[in-house]
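Each chain, letter by letter, is given below.
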Amino acid sequence: MEEESDSRKINNSFLRDHNYATEADIISTVEFNSSGELLATGDKGGRVVVFQREQESKSQPNRRGEYNVYSTFQSHEPEFDYLKSLEIEEKINKIKWLPQQNAAYFLLSTNDKTVKLWKISERDKRPEGYNLKDEDGRIRDPSTITSLRVPVLQPMDLMVEATARRVFSNAHTYHINSISVNSDLQTFISTDDLRVNLWNLEITDRSFNIVDIKPSNMEELTEVITSAEFHPRQCHTFAYSSSKGSIRLCDMRQAALCDRHCKYFEEPEDPSTRSFFSEIISSISDVKFSHNGRYLMTRDYLTVKVWDLQMENKPLETYQVHDYLRGKLCSLYENDCIFDKFECVWNGSDSVIMTGSYNNFFRMFDRNTKRDVTLEASRENSKPRAILKPRKVCVGGKRRKDEISVDSLDFSKKILHTTWHPHENIIAVAATNNLYIFQDKVN
Amino acid sequence: MITKGQKRKYSPEEVEATDRSNPIWESQRQFVFSVSLNKYQRGQELPEPSLRRSVLIANTLRQMSLEFCNAPAEDEVPPDSSLSGPEEVQQESPSNKIPSAKHHPAQVVTNSSSALTTCSGVSSLHSSHYAAGRNLANCQWNSSTVPLSNGDEDEEWESMSTDGDFSLSAAISSILTALDSNIEESPQAVQRTPFQSLENLSRSSEGSATWVKQGVRGFVGNLEEWDECRVRENQMEVTRSAYLTDFTVEDLFQDIDTSLLDKDKLFGLRGCGVGHPAGDDLPRYLLPISPSASSSQYLSNQNLKCLPSFSSFGPLSSSPASLPTIFSPSSSLFPDSRVVLPLT
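Definitions and cut-offs
Each chain has its residues counted from 1, running along the sequence as written. For naming, the first written chain is A and the first written ligand is 1, with later ones following in the order written. Local features are withheld for residues below a pLDDT of 70 in this predicted model, meaning they are given only at 70 or higher, and side-chain atom pairs are given and counted only at 80 or more; totals for whole chains, interfaces and linings count all residues. Hydrogens are left out, water is left out, and the side-chain values use all remaining heavy atoms of the structure. The nonpolar core is taken to be a set of buried Ala, Val, Leu, Ile, Met, Phe, Trp, Tyr and Cys residues, with the residues joined through side-chain atoms within 4.5 Å. To sort residues, take the accessible area from a 1.4 Å probe on protein chains only and compare it with the maximum for the residue type: under 20% means buried, over 50% means exposed, and anything in between is partly exposed. Runs of E in the DSSP output that reach at least two residues are strands. Runs of H or I that reach at least four are helices, and both are numbered from the N terminus. Only heavy atoms enter the contact rule, under which two residues are in contact if any of them lie within 4.5 Å. The pLDDT value expresses, per residue, how confident the predictor is, ranging between 0 and 100. We call two strands paired when DSSP finds no fewer than two bridges between them. For helices, the fitted line uses only the C-alpha atoms of the stretch in contact; every axis is such a line through C-alpha atoms, and the angle between N-to-C directions lies from 0 to 180 degrees.

*Asks:* Just checking my understanding: could you explain the nonpolar core for this structure?
*Replies:* A general tendency of soluble globular proteins is for nonpolar side chains to be buried together. In terms of nonpolar packing, the biggest core is built from 36 residues, with Y301(A), L325(A), Y333(A), I338(A) and L409(A) touching the most fellow members. Elements supplying a minimum of two residues to this core: helix 1 (278-282) and helix 2 (329-334) of chain A together with helix 1 (23-45) and helix 2 (51-70) of chain B. If one sorts the elements of this core by residue count, helix 1 of chain B sits on top with 7 residues. Discounting residues that sit within four places of it in the chain, Y301(A) has contacts with I281(A), S283(A), H322(A), L325(A), L329(A), L332(A), C337(A), I338(A), D340(A), F342(A) and Y358(A).

Written as structure tokens, this is what we have:
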């Protein structure tokens, strides 16, 4: 069903729903895999929960596949850095799936310092009939063995196991903010505040530093890297965004050290909107290539911008996410909300972009029709299979019914992490410790 | 609901940023400046401050101070003022240097009774910065500030130093230096040759010694400036603690558990596969980011630690919390100012 005709969404399921919010349950990342069959979430407690879509049954053709828990594992544990006397948080910052190449699923998960490659595999058979041990596992007395038998594989209940296959550690002094798998499926990059490191998936004890913006004199530091991503098609191209609102596209073929960019995307500042917080709100919190590789999307505090890779001096499109906050920047600075890092996401066909906002609102922008919609992810407003109602924030003057005024927005309820199914119109939205999955209305 | 931490007469959001002569802009500027300083300091007190956040706040501070100094002198000089008129126009292009506090044109918002201009505006700003919480930025801004006594305000403000060495940006940069002084490898960084891979950030213990020196240099520099500005504060309730005057580099480390600097232990840690970067951040905790330690008129009970990082490093006998308060600006200076700063 096309997005244009009906932008309303059905709330499909409530997953990971908790009545009370424990800090460890706060979802810190969500990601669909490349087929959309699996959805992974990472939380502040270092756990990864993977959901799998139900196979659509022929008996209920109208019932679209729902997502159920497939696997849960503890990806990262809190660590203690003895030399710094610091605890390294186990919060999962990013999860990235590798495209499926065999029966097992692979994903990369990272906390502030360490990236891990996890293999998630199913086991539904086990061998029975060992010679040297009993079914319980006890060793049999060899003198009692009189005949040999061949162990036979017997079916068992499906068990999903997650094993850590690689641990990529000790390459980052600063906090890792993003990882990105290369389209060559052999390498990936991990990015912290000042550096980008290139890894081979097979080799864990060394990485190549390809971008380093750390000045020799730290007094001159005015810019940090906020996100980086590989181009979806070209294995030699990647982009990284900065806290000053610029994006640099780098080609790894040009030099081993990609400190010099190929392209530099930055929009000149509009002097009429200049304020004390201009720089802070221009800091890019997320950068995403479109699926077709022609565009880049960036999210700063108040806007989402779509850039054409061929045009560096200004974005192709700019969408205001919550411009009504422009007059509130001072208060948002006080309560630190101005530092929130929102993510943005493309749909499968690159025609719609989505990003989160406050009060559990999230916004979708249709690039073709230029329509946009604000939806809310909350329990009260979404019953299963109910259609989401568009929300509206009124800026001033009279408030119509069902509108919310800017002052009533709840700034503690923010939607920072969202993801879109690669082929269908199914979205997953993380609202603090709750995960909402919405899909398109079906006639 | 956004809680507004400050009572304001006008909504500062409505003020245009470009309208510099507007007292509302000035009050918002001061407010944002003080909040930023506060934020920065609190951020530094965390065990692991967020680099992005620190950089953004520092840039905001730097930007505000640049705008402050570049604003044209518009206000007239009050007739009874003993201040010299607006002094030479800043010739320097906007850069990291903020030469002086000379030519601030904006009015003092907090003191509505007298339209003190130029230096006085600046000094009121400084006082409000005292209020915000002392840190190195304030110190260096006021590096040669005279005591703000009751009777001689104008004279003292006039004599405010225009020493170019003391700039806010230098303060900020020293903050950033201390922030990262020993997170990383030594300043003589390994030459990054193409295709040279980092083998899990192997470190040598001599690197840590280098960082120590670098960090100490920065700190000692700050101490000198701090000392200098304190010399002139004979009217203030300055407590000359032995902490700052007799302090030596060795004293810095005297209470440190040097067993952690033990080479064997470092190698041992590496050997067991934990692979922590060796000793690179140790000095970060030994060095203050800003020798701030004042109470203020508004945060009078808050004893801002001069060396917050000490406390995070383990059992140390000298407690930074015992650092006496340096400044207590008398309330008679700004009778009308009642800015309540949010304690974020």
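Moving on from the model shown.
*Asks:* What am I meant to see in the confidence of the model for chain B here?
*Replies:* Detailed conclusions should not be drawn from predicted coordinates in areas where pLDDT is low. Residues and elements named next belong to chain B. Scored by pLDDT, chain B comes out at a mean of 49, with 14% of its residues at no less than 70. Averaged pLDDT values for the elements of chain B fall to 30 in helix 12 (residues 308-311) and rise to 88 in helix 2. Overall, residues 196-248 carries pLDDT values under 50, and its contacts beyond four positions in sequence, including any with other chains, amount to 126 contacts. Note that residues 260-344 has pLDDT below 50 and, in this model, 208 contacts with residues that lie over four places away or in other chains.

*Asks:* In this structure, what is going on with the side chain of R367(A)? I would like to understand it.
*Replies:* The residue R367(A) is located in the loop between strand 26 (361-366) and strand 27 (372-376) in this model. For R367(A), the residues in contact, after removing those within four places along its chain, are Y295(A), V306(A), L316(A), E317(A), Y319(A), W346(A), D350(A), S351(A) and I353(A).

*Asks:* Looking at this structure, how should I read the sheet that holds strand 2 (residues 27-32) of chain A?
*Replies:* To summarise the sheet geometry, strands pair through backbone hydrogen bonds and adopt either a parallel or an antiparallel arrangement. Residues and elements named next belong to chain A. Across the sheet, 4 strands lie side by side as 2-3-4-5; this open sheet has antiparallel pairing. The open sheet has two edge strands with one neighbour each: strand 2 and strand 5 (67-74). Neighbour-to-neighbour, the strand axes of the sheet open up by a mean angle of 20°, direction not taken into account. Pairing analysis gives 7 bridges linking strand 4 (residues 47-53) to strand 5, with the strands arranged antiparallel. In the strand pairing of strand 5, V50 is matched with S71.

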